[in-house]
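Listed here are the chains, written in short residue letters.
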Amino acid sequence: MTINQVGEIILLLYDNWLPYNSQPQDFVYENLKCQKYKKIRPCWFYKGEKFLCLGCNNKCMLFRPAGFQVPLSINYPIKLNNQYTVPAKDLVNKKALLSVYDVCYCLNISYSQVYKMIQEGKLTALKTKPIRVKAEDVKREMQDFDE
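Residues numbered from 1 in each chain as written. Predicted model: local features only at pLDDT ≥ 70, side-chain atom pairs only at ≥ 80, totals over all residues. Heavy atoms only, no water.

With the rule as written, the count across this model stands at 0 disulfides. Between Cys53, a cysteine without a disulfide, and Cys60, which holds the nearest cysteine sulfur, the sulfur-to-sulfur distance is 6.1 Å. By relative accessible area, which is 8% here, Cys53 ends up buried. (Disulfide = S-S within 2.5 Å. Buried < 20%, exposed > 50% of the residue type's maximum accessible area, 1.4 Å probe, protein only.)

Written out as structure tokens, the structure reads:
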């Protein structure tokens, strides 16, 4: 998943789209003439009766499609309004130091992976409490993902 896809997902979630946590039947992709679904795992979102695929650049949207299980409602433990609304690229450009939580968001990794990258020397952490990571290191790692 690229940084651009992460930004698109954030915008979809902000617009009340929900992740579709299942995969449609194969004939859905055959009707769309999609060749990539076997190579990549498409990422589907839904809002009401609309379904949107972020698997490739086509961004196929279907209305009341056959081949999808009925999505169950999701109860999030926190409101989406409390999530980040700033794209990751803007966050690393505007801040000199990032919290571990910010780094997780920007690189789409877990806390343990952030601490592992600090130990490996890929990220520079200041000896403060709470820990702060240099934004320039995170920006470099984000560029490595884009390539």
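Note on placement: Asp137 falls in helix α6 (residues 135-146). With residues near it in sequence (within four places) discarded, Asp137 still touches Lys122, Leu123 and Thr124. (Helix = DSSP H or I, 4+ residues; strand = E, 2+ residues; numbered from the N terminus. Contact = heavy atoms within 4.5 Å.)

The next thing to look at is a nonpolar patch on the surface. Among the surface-exposed residues, Tyr101, Tyr111 and Tyr115 lie close enough to one another that they form a single nonpolar patch of about 320 Å² accessible area. Relative to the helices and strands, Tyr115 is located in helix α5 (residues 111-120). (Patch = residues over 30% accessible without salt bridge, like charges linked within 9 Å, V, L, I, M, F, W, Y side chains within 5 Å. Areas by Shrake-Rupley, 256 points an atom, 1.4 Å probe, with all protein chains shown as cover. Salt bridge = Lys/Arg side-chain N within 4 Å of Asp/Glu carboxyl O.)

Okay, the packing of aromatic side chains next. All told, the structure shown has 7 aromatic pairs when counted by the stated rule. Taking the centre distance of 5.0 Å and the plane angle of 80 degrees together, the rings of Trp44 and Phe68 count as edge-to-face. With a gap of 24 residues between them, Trp44 in strand β2 (residues 44-47) and Phe68 in the loop between β4 (61-63) and α3 (88-94) connect regions that are remote in the sequence. Neither residue differs from the other here; Trp44 and Phe68 are each classed as buried. Consider the rings of Phe51 and Phe68, whose centres lie 4.5 Å apart with planes at 45 degrees: the pair is tilted. Residue Phe51 is located in strand β3 (residues 50-53), and its partner Phe68 is located in the loop between β4 and α3; the two are separated by 17 residues in the primary sequence. Residue Phe51 shares its accessibility class with Phe68, and that shared class is buried. Three or more aromatic residues joined by ring pairs make a cluster, and in this case those are Tyr20, Tyr29, Trp44, Tyr46, Phe51 and Phe68. (Phe/Tyr/Trp six-rings, centres within 6.5 Å; stacked < 30°, edge-to-face > 60°.)

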